[in-house]
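Structural overview
Each chain, letter by letter, is given below.
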Amino acid sequence: VALVEFGDYHPLKPIMVTDTKTRRGARKGSTSSSSSSSSSAPVDPLSSMLDGTDPLSMFAAASASETPAMSHSKVVGPDFEHWLSKRGEILARFTTTEKLSIQCFFASVSGKALSPGSSAVSEKVRTRLEELDDLEEGSQRELLNLSQQDYANRIEELNQSLKEAWASDQKVKALKIVIQCSKLLSDTSVIQFYPSKFVLITDILDTFGRLVYDRIWTMCSDPRPLPVYSILTFLSETCLNWFFKIASIRELLPRLYPSSSSRNVELGIQETLPRLTAMIRGIGDPLVAAYARAYLCRVGMEVAPHLKDSLNRNFFDLLSTFKQISAESVQNQLVLQRVEVPEYLTLYSPAINWILQCIAYRAPEPLLTEMMERCKTLGNNALLLNSVMRAFRPEFVAVRATDFISMIKECDESGFPKHLLFGSLGRSLACADPPESERLTILNEAWKVITKVRSPQDYVNCAEIWVEFTCRHFTKREVNTVLADIIKHMTPDRAFEDAYPQLQSVIRKILTYFHDFSLLFSMERFLPFLDMFQKDSVRVEVCKSIMEVFIKHQVELTRDPVILNAMLHICKTMHDSVNALTLEDEKRSLALLIIGFIRMVSFGRDFEQQLSFCVEARATFCNLEPVLVQLIHTVNQLAMETLRVVRGSHSRKTAAFVRACAAYSFITIPSLSSIFSRLSLYLLSGQVALANQCLSQSDAFLQAAVSILPEVPRSISIEGKLRSSESFLLDFINNFLATLLVVPDHPEHGVLYLVRGLLNMVQDYTWEDNSDAKVRVYISALPLLAAMSQETYLYSIPKVDSNETLYGGDPKFLSEINKLCETLIGQILDHLKALGRDEVRTETTHCDQHGSVFLSWCFHICNIVEKSCEAFAVKNFYSAKERRRVMGHSVGLSCLSVCLSLCLSVCLSVC
């Protein structure tokens, strides 16, 4: 019996062995059992581990003692920024164009059978240990020349293979996949990609830890949540199995990471975290060790955020490894891969930032003071100082801003660029306010360093951060100075073309703090700053953001020429971006922004200037139809405001002005493509002109509306579906008829020329088959004619003489009304008779018995009206004495016409 040599030590091997060749022979398929040179029974490796003490008993005891304390603060609060939020940023930031390699695991099926005479449990343990210890030849294959995307795809395939192996109860295969992935974390051949590689591979480790933990929980007989020590009592054999499977792995990283994987640590949290922290000290590469500590801290925050000792130990160990960065082995590696020291140091940032974030979570303010002292002890290590400023609460950093600036000045420029340190300080100052007396000094000291940065990309990355601090605490003078410096640095060689995101961020931050646009546009460098956005899509996005802020925060109407000129320029930029390929939603969005600006423009009582602005806007925004519609509404509103100011009595000057407004609308409306927009605007503009006593202009609007009625399509598209246009057309005609009551006839066009023209267009219009819309128009015209035959109209427009005044109840006028009524009623009766004769109609309309009775009653009323009309419409003239009697008959006829129209409307609705 001989002692085991240190180099042959294995955690699962006994302290004393009998024959080291026996086990190897058995693994090659030999069926003969080796004879032991000792008379005593072989030592059980599982029972001899940890000096014969059952490790699970120790874990259970520790868990029992700590469980009550853990129940209060086992979970971090919502104010903690989780690792998942940093994952995407790391993958996007740390990329490479170099080719990568990966060793993939390919499972091979070995036909090993259990010997009948052996114990099932011991053979199962031995077989699994042999599988772990022996990666068979051909089970690994190295894939070379992979791109970054190919590498990520391979890692995802391994993740899926792990899940499939676990689901098919191939636990050893799953563990082998985890081992191979852990080994990849020791490869720093493409060092720039290491942070992203760490993120991808730890996703697999998280999956493994979750699968193991879920399996242990599901094997618990009690479905209720139990403390950790109870689970360990029930499942000691399973826990032993997994602990020692992982402990059997000889290499450090493949043993460390599966042991650290999320929920496995919780099974023995009090003892496991210090043990794993000590294991990391055996990693030689400082970068690999830093990320291993970050992973352990991440797991510690998930399962036991209250245990701060482990976090502190990891951080202190990390500080002690900083001197390894300047070691010859690391420097040779950087030379070989052509990586500069500043770039190499940035690779540590995600790991150090995370460790410090975990330590600083809800930490008291004195801890920051301690960290600053440690930085000074290490000679103001720039990498550590940068992480400290990013990890601790901004309020703590802002109070010590001048101290941090002094430390930054003493840092070595060659190791870690100072502008990155000022960038981290600026992020904290953007969230918290430093003492007021120190703000100007802080800005001056920071900008002295920022303005000396030669690289335009590095410069704009840092300047963009400090713009918010400047806008937050200073006036337009300082902001204008900052903008001028940015323009100076970004204009040479068109460097701004590679920094559009940062420049957009500058604009957003300025708009966040400056809502007074007269102040904003008075900055000399603001508009030249906008000129740097040369790319069309980016320029339009910037203009849209400015317009959105203007509409949201501009409460009062404005006539400031500085604002108007600048906003017209911005709106014109948006308008000019519209082309044949622009989507309708985009056009609608741009139009709404421009309309919002137009509504905020007011020149007060200077109506002529307001009209001139609308004329200029019409020429500028001619490609956006909603904007033209808004301009027409604005001009009509301007005309009505003029009428209100003069109190209904126009002078020669105001009368000429409102006629100019009518001319503006009359010229603009035909440029609209929507037929319904033209109809409604013609009618509205005609009503406005009539209210302002512009009779000829009103006639022109109404005649134009009647002339385009034949262009109305039979169907229109609403939300992508074709709908009948009859309902819209009927609504317009009803409004048009209501307006005609107060419109006086033109002396050169005859009596009721607009009514006749409208009815003729309705007669000639091509309606849908089996539609009664035309008859409904005739029915709607009867109340209008009845109202026109009255001695006094129901409503009128001040200072506009309607037909009641022009004709004064002239019998010829009444005779024309009667003839028109007779014609309309005849058309209606013919339609109703056709409905009555058509037997097929009764099947489609589903009229019930009551509907038939009502229809017969309407026919009876129609016959009476027809006879009354024939008796009344005699071809003679009336003397002056008979005028009053005729007027009495006309009133009776009007009431009868109204009654008839109501009856017919109900009849058509029933049918």
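Residues numbered from 1 in each chain as written. Predicted model: local features only at pLDDT ≥ 70, side-chain atom pairs only at ≥ 80, totals over all residues. Heavy atoms only, no water.

1. Some points on the overall build of the chain
Note the threshold: Numbered from the N terminus, helices here are DSSP runs of H or I no shorter than four residues, and strands are runs of E no shorter than two. Between buried and exposed lies partly exposed: a residue is buried under 20% and exposed over 50% of the maximum accessible area for its type, with that area taken using a 1.4 Å probe on protein chains only. Throughout, a contact is declared for two residues whenever any of their heavy atoms are within 4.5 Å. Per-residue accessibility takes into account occlusion by the displayed protein chains alone, with areas from the Shrake-Rupley method and a 1.4 Å probe.
Check the secondary structure of the chain and you find 45 helices and six strands. A burial count over the chain gives 49% of its 911 residues as buried. For the chain, the share of sequence-separated contacts (at least 6 apart) that also reach a separation of at least 24 residues comes to 76%. For the chain, the accessible surface area stands at approximately 45,400 Å², while carbon and sulfur atoms represent 53% of it.

2. With respect to the packing of helix α34 (residues 625–645) against helix α35 (residues 652–668)
To be explicit about the condition: Axis geometry follows a simple rule: fit a line to the C-alpha atoms, using only the stretch in contact for helices, then measure angles between N-to-C directions, giving values from 0 to 180 degrees. The labels follow the angle: roughly parallel below 35 degrees, roughly antiparallel above 145, roughly perpendicular from 65 to 115, and oblique for the rest. Two helices cross in a left-handed way if the nearer one is turned anticlockwise from the farther one by less than a right angle. They cross in a right-handed way if the turn is clockwise. Three classes are used, and their members are as follows: Ala, Val, Leu, Ile, Met, Phe, Trp, Tyr, Cys and Pro are nonpolar, Asp, Glu, Lys and Arg are charged, and the others, Gly among them, are polar.
Where α34 meets α35, the closest approach of the two axes is 10 Å, and the angle between their N-to-C directions is 165 degrees. Of the possible angle classes, the one that applies to α34 and α35 is roughly antiparallel. Crossing of α34 over α35 shows left-handed handedness. On α35, the residues that touch Leu 628, Leu 631, Ile 632, Val 635, Asn 636, Leu 638, Ala 639 and Thr 642 of α34 are Thr 654, Phe 657, Val 658, Cys 661, Tyr 664, Ser 665 and Thr 668. Residues of the contact of α34 with α35, tallied by class, amount to ten nonpolar, five polar and no charged.

3. Comments concerning the nonpolar core
Here is the rule we go by: By nonpolar core we mean a set of buried residues, namely Ala, Val, Leu, Ile, Met, Phe, Trp, Tyr and Cys, connected to one another through side-chain atoms within 4.5 Å.
If you look at the biggest cluster of nonpolar residues, it comprises 261 residues, and the most contacted ones within it are Tyr 344, Trp 466, Ile 486 and Phe 597. Filtering out sequence-adjacent residues up to four positions away, Phe 597 remains in contact with Met 547, Phe 550, Ile 551, Leu 564, Met 567, Leu 568, Cys 571 and Phe 613.

4. Observations concerning helix α20 (residues 382–391)
Convention followed: Polar contacts here mean pairs of N or O atoms no more than 3.5 Å apart (in protein, one a potential hydrogen donor and the other a potential acceptor; neighbouring residues in sequence count only if both atoms are side-chain atoms).
Most of α20 is tucked away: nine of the ten residues are buried. Here α20 has its buried residues at Ala 382, Leu 383, Leu 384, Leu 385, Asn 386, Ser 387, Val 388, Met 389 and Ala 391. Measuring from the side-chain oxygen of the N-cap residue of α20 to the backbone nitrogen of Leu 383 gives 3.1 Å; that N-cap residue is Asn 381.

5. Things to note about the packing of helix α40 (residues 773–788) against helix α42 (residues 811–837)
Each pair of packed helices can be summarised by the angle the axes make with each other and by the distance between the axes. Remark: α40 packs on α42, axes separated minimally by 10 Å, with the N-to-C direction vectors making an angle of 155 degrees. One element, α40, and the other, α42, form an angle in the roughly antiparallel class. Considering the relative orientation of α40 and α42, their crossing is left-handed. Here α40 contributes Val 775, Tyr 778, Ile 779, Ala 781, Leu 782, Leu 785 and Met 788 to the contact with α42, which in turn contributes Phe 813, Ile 817, Leu 820, Cys 821, Leu 824, Ile 825, Gln 827, Ile 828 and His 831.

6. Observations regarding the pairing of strand β6 (residues 721–724)
Defined as follows: In this description, strands pair whenever DSSP reports at least two bridges between them.
Alignment of strand β5 (residues 715–718) against β6, held across four bridges, turns out to be antiparallel. Bridge pairing links Ser 717 to Leu 722 in β6. In this antiparallel pair of consecutive strands, β5 and β6, the connection spans two residues, and Glu 719 shows a positive phi of 55 degrees.

7. Some points on the side chain of Lys 197
In this structure, Lys 197 sits in helix α8 (residues 194–218). The exposure class assigned to Lys 197 is buried, which follows from its relative accessible area of 4%. Non-local contacts of Lys 197, meaning those with residues more than four positions away in its chain, are made with Tyr 151, Leu 184, Leu 185 and Asp 187.

8. Examining the packing of aromatic side chains
Aromatic ring pairs are described here by two measures, namely the spacing of the ring centres and the angle between the planes. So the rule is basically this: Between the rings of Phe, Tyr and Trp (Trp by its six-membered ring), a pair exists once the centres lie within 6.5 Å; its type follows the angle of the planes, with under 30 degrees stacked, over 60 edge-to-face, and the other angles tilted. Over a ring means this: the NZ of a Lys or the CZ of an Arg is within 6 Å of the ring centre and within 35 degrees of the ring normal.
Counted by the stated rule, this structure contains 31 aromatic pairs. Summarising the aromatic geometry, the rings of Trp 447 and Tyr 459 are spaced 6.5 Å apart at their centres and angled 75 degrees between planes, so their arrangement reads as edge-to-face. In this pair, Trp 447 sits in helix α24 (residues 439–450) while Tyr 459 sits in helix α25 (residues 456–473), placing the two residues twelve residues apart along the sequence. Judged by relative accessible area, Tyr 459 falls into the buried class, the value being 0%. These aromatic residues form a ring-pair network of at least three members: Phe 80, Trp 83, Tyr 194, Phe 198, Tyr 257, Tyr 291, Tyr 295, Trp 354 and Tyr 361. Against the face of Trp 166 rests Lys 171, its NZ or CZ located 5.0 Å from the ring centre.

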